[in-house]
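Notes for the structure review
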Amino acid sequence: DLGAGRSTPVTPPALPDAAAVAGALYVVEGSSIGATLIARRAAALGYTAGHGASHLALQTGDPRRWRRFLDWLHAADPDPARAVKAARAVFQTAMTAFTQR
């Protein structure tokens, strides 16, 4: 929609076990909270679910998603150290993706 082209793909982190998956999902699901603010700002600039902000609409479309994820996370009770390690790897992957073209 914006004519920016495609970014260079990055290698995703390894997620060898359920704790690592939980850590990765924490980052991905948690980003929907920030995406809500970004979606509002994008809308003010004229970007909508139909043009320029479809990715934000997908990420923010279900306001109950974060609560359901937290319920799942508490029930799953993953190993905290392994979950944190994976969460950090996912953050690093995102930072790499956003800093390279």
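Whatever comes next refers back to the structure up there.
Another point: the environment of A76. Looking at the element boundaries, A76 is found in helix α3 (residues 65-76). Residue class for A76 comes out partly exposed when judged on its relative accessible area of 40%.

Once that is clear, we can look at the packing of aromatic side chains. Where two aromatic rings form a pair, the distance of their centres and the angle of their planes describe that pair. Under the defined criterion, the tally for this structure stands at four aromatic pairs. Taking the centre distance of 5.7 Å and the plane angle of 35 degrees together, the rings of W66 and F69 count as tilted. Here W66 and its partner F69 are both found in helix α3, three residues apart, which amounts to about one turn of the helix. For F69, a relative accessible area of 7% puts it in the buried group.

This part is about helix α4 (residues 80-99). For α4, built from 20 residues, the straight-helix expectation of 28 Å at 1.5 Å per residue is met to within 8% by its first-to-last C-alpha distance of 28 Å. Among the residues of α4, A83, A86, A87, V90 and T93 are the ones counted as buried. Looking down the long axis of α4, one finds its buried residues gathered within 120 degrees of arc, a one-sided arrangement. Across from the buried face of α4, at angles greater than 90 degrees, the exposed residues are P80, A81, K85, R88, F91 and T99.

Rules and cut-offs
Residues numbered from 1 in each chain as written. Predicted model: local features only at pLDDT ≥ 70, side-chain atom pairs only at ≥ 80, totals over all residues. Heavy atoms only, no water. Helix = DSSP H or I, 4+ residues; strand = E, 2+ residues; numbered from the N terminus. Buried < 20%, exposed > 50% of the residue type's maximum accessible area, 1.4 Å probe, protein only. Phe/Tyr/Trp six-rings, centres within 6.5 Å; stacked < 30°, edge-to-face > 60°. Expected span 1.5 Å × (residues − 1). Arc of directions from axis to C-beta.

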